[in-house]
Amino acid sequence: MSIPSTVIHPAVVRLGLQYSQGIINGSNARCIALLEVFKQLIRDYSTPPNEELSRDLVAKLKPHISFLNQCRPLSVSMGNAIKFLKKEISCLPDTLREEEAKEKLQGTIDNYLREKIVLAAEAISKSAFEKINDNDVILVYGCSSLVNRTLCDAHTQTDRTFRVIVVDSRPRLEGRETLRRLVRHGIHCTYVMINAISYVLPEVSKVLLGAHALLANGSVMSRVGTSQIALVSKAYNVPVLVCCETYKFCERVQTDSFVSNELDDPDDLIVQRKGQAQLGGWAENKSLRLLNLVYDVTPPDLVDLVITDLGMIPCTSVPVVLRVKNVDQQ
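Attention in this report is confined to the structure presented alongside it. (Residues numbered from 1 in each chain as written. Predicted model: local features only at pLDDT ≥ 70, side-chain atom pairs only at ≥ 80, totals over all residues. Heavy atoms only, no water.)

Glancing now at the overall build of the protein. When its secondary structure is counted, the protein shows ten helices and twelve strands. Its C-alpha atoms give the protein a radius of gyration of 22 Å, within 12% of the compact-globule value 20 Å for 330 residues. When its C-alpha atoms are laid out on the principal axes, the protein stretches across 70 × 55 × 35 Å. Carbon and sulfur atoms make up 51% of the accessible area of the protein, which amounts to about 16,600 Å² in all. (Helix = DSSP H or I, 4+ residues; strand = E, 2+ residues; numbered from the N terminus. Rg over C-alpha atoms; globule rule 2.2 N^0.38 Å. Areas by Shrake-Rupley, 256 points an atom, 1.4 Å probe, with all protein chains shown as cover.)

Written out as structure tokens, the structure reads:
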């Protein structure tokens, strides 16, 4: 990957490497880190002679966004944040001095982070809390910062007792981080792998899942394995609740995971057992390809409820929320 050092800001280079190495993971964390770096970019920016800030700054952002996309494909949350920032820059009045315009943009980014992520998480946590009853057994999957926060808030703010079953899967094993966070808060947890969910589901009262994005047709895009959990939960008549901020709602439509997805390193699927790798040397076999998908798509009929910062809605209401958001932004 080529890095044009004259064009790319050092903070963006550092962020791109953190994305590619998996140091910064999760839709919210990646979006927050992106906007913080853009604030730094705006602080260090100076308008060239005979140029308008509103036009030149958008042009300056393009190579940085392209570089970050090379490091790791942009998440839906990041795409929406970039779209918002570009619109705010292009709407800046020409009468503003450069310093005032830069301060206004930084304030706008702070407001976006506060309203769309921080306050949204608080609102979702309060709504989800209403759905947690005494002696509930809640199943979670992978590592969602929003779901973790909801469970920790429910545990600390009330005297309700509940138990959490953390489901995990290879190759990322992100559920271990969820387990660490919940146990640290004193929540009683059970840890199982995804192939054991049919054994634990009979005792589960509800499934609480995070989301990478909610698509316009009501499908939920989330960490690969989510649709499998939703499908088995449906077979056991266990309600599936998805926690998702509205800034992750997307106008894209997908019905499967193959049309558009992020691919991870296929070598991550190789497991060493007793010093031997079952798939060692797979690249030399011309008739074998390893596919390591990052996300999957869960159809709306497998999800009972989506808990958002606007309240609790069915998956089918996503187009309505998108339409209202578009009207507000005009």
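What follows picks up the thread again.
A separate point is the side chain of Thr178. Within the element layout of this structure, Thr178 appears in helix α7 (residues 175–184). If we ignore the near neighbours within four places in the chain, the residues touching Thr178 are Val140, Gly142, Cys143, Ser144, Asn148 and Val166. (Contact = heavy atoms within 4.5 Å.)

It is worth spelling out the packing of aromatic side chains at this point. Scanning all chains against the criterion turns up two aromatic pairs. Relative to Tyr247, the ring of Tyr112 lies with its centre 6.2 Å away and its plane at 90 degrees, an arrangement referred to as edge-to-face. Here Tyr112 is found in helix α5 (residues 98–130), whereas its partner Tyr247 is found in the loop between β7 (240–243) and β8 (272–273), with 135 residues between them in sequence. There is no split in this pair, since Tyr112 and Tyr247 are both buried. An aromatic cluster is present here, built from Phe84, Tyr112 and Tyr247 joined pairwise through their rings. Cation over ring: Arg30 sits above Tyr19, and NZ or CZ is 5.5 Å from the ring centre. (Phe/Tyr/Trp six-rings, centres within 6.5 Å; stacked < 30°, edge-to-face > 60°. Buried < 20%, exposed > 50% of the residue type's maximum accessible area, 1.4 Å probe, protein only. Lys NZ or Arg CZ within 6 Å of the ring centre and 35° of its normal.)

Here the focus is the sheet that holds strand β5 (residues 213–214). Across the sheet, which stays open at both edges, the three strands sit in the order β5-β6-β10 with antiparallel pairing between neighbours. Each end of this open sheet is capped by a strand with a single partner; those strands are β5 and β10 (295–298). Here four bridges tie strand β6 (residues 220–223) to β10, and the two strands are oriented antiparallel to one another. Residue pairing for β10: Ser222 is matched across the bridge by Asp296. (Pairing = 2+ DSSP bridges.)

Here we take up the nonpolar core. In terms of nonpolar packing, the biggest core is built from 37 residues, with Leu15, Tyr19, Leu34 and Phe38 touching the most fellow members. Only α1 (10–20), α2 (27–44), α3 (53–71), α4 (76–90) and α5 provide two or more residues apiece to this core. The residues touching Leu34, leaving out its near neighbours within four places in the chain, are Leu15, Tyr19, Leu68, Met78 and Ile82. In this structure, Ile197, Leu214, Ala216 and Cys244 belong to the second largest nonpolar core, which totals 30 residues. (Core = buried A, V, L, I, M, F, W, Y, C linked by side-chain atoms within 4.5 Å.)

Bringing the pattern of salt bridges into the picture now. Side-chain pairs of opposite charge can arise where the charged atoms are in close proximity. Counted by the stated rule, this structure contains 16 salt bridges. Residues Arg172 and Asp264 are paired through a salt bridge, measuring 2.7 Å at the closest nitrogen-oxygen approach. Remark: Asp264 occurs in the loop between β7 and β8 and Arg172 occurs in the loop between β2 (162–168) and α7; sequence separation between them is 92 residues. Its relative accessible area of 28% is what places Arg172 among the partly exposed residues. (Salt bridge = Lys/Arg side-chain N within 4 Å of Asp/Glu carboxyl O.)

As for its placement among the helices and strands, Ser169 is situated in the loop between β2 and α7. Of the polar contacts made by the side chain of Ser169, one reaches the side chain of Tyr141; its length is 2.6 Å. What Ser169 contacts, discounting residues up to four positions off in sequence, is Tyr141, Met193, Ile194 and Val224. (Polar contact = N/O pair within 3.5 Å; in protein donor to acceptor, adjacent residues only side chain to side chain.)

Our next topic: the packing of α2 against α5. One way to put it is that α2 packs onto α5 with a least axis distance of 9 Å and a crossing angle of 170 degrees. Relative to α5, α2 is oriented roughly antiparallel. Contacts between α2 and α5 involve Asn28, Cys31, Ile32, Leu35, Glu36, Phe38, Lys39, Ile42 and Arg43 from the former and Lys102, Leu105, Gln106, Ile109, Asp110, Tyr112, Leu113 and Ile117 from the latter. Taken together, the residues that form the contact of α2 with α5 break down as ten nonpolar, two polar and five charged. (Axes fitted to C-alpha atoms, helices over the stretch in contact; angles between N-to-C directions. Parallel < 35°, antiparallel > 145°, perpendicular 65-115°, else oblique. Nonpolar A, V, L, I, M, F, W, Y, C, P; charged D, E, K, R; others polar.)

The next subject is α5. Side chains that are three or four residues apart share a direction in an α-helix, a result of its 3.6 residues per turn. Compared with an ideal rise of 1.5 Å per residue, which puts 33 residues at 48 Å, α5 spans 47 Å between its outermost C-alpha atoms and is within 8% of the ideal. Remark: the principal bend of α5, roughly 35 degrees, maps to Ala120. (Expected span 1.5 Å × (residues − 1). Bend = angle between axes of the 7 residues up to and from the residue.)

On to the sheet that holds strand β4 (residues 206–209), then. Backbone hydrogen bonds are what pair the strands of a sheet, in a parallel or an antiparallel way. A sheet is described by the order of its strands in space; here seven strands give the open sequence β3-β2-β1-β4-β7-β11-β12, paired in mixed fashion. The strands lining the two open edges of the sheet, one partner per strand, are β3 (188–193) and β12 (311–313). Shown here is a sheet whose adjacent strand axes are inclined to one another by a mean of 25 degrees, direction ignored. Where strand β1 (residues 136–141) and β4 come together, three bridges link them in parallel fashion. When the sheet's bridge partners are listed, Leu139 is paired in β4 with Val207.

With an omega dihedral of 0 degrees, the bond running from Arg170 to Pro171 counts as a cis peptide bond. Along the chain, Pro171 turns up in the loop between β2 and α7. In this structure, Asn50 takes a positive phi of about 60 degrees despite not being glycine. Here Asn50 is to be found in the loop between α2 and α3. The exposure class assigned to Asn50 is exposed, which follows from its relative accessible area of 82%. The residue Asn135 is not glycine, and still its phi comes out positive at about 65 degrees. With respect to the helices, strands and loops of the structure, Asn135 is situated in the loop between α5 and β1.

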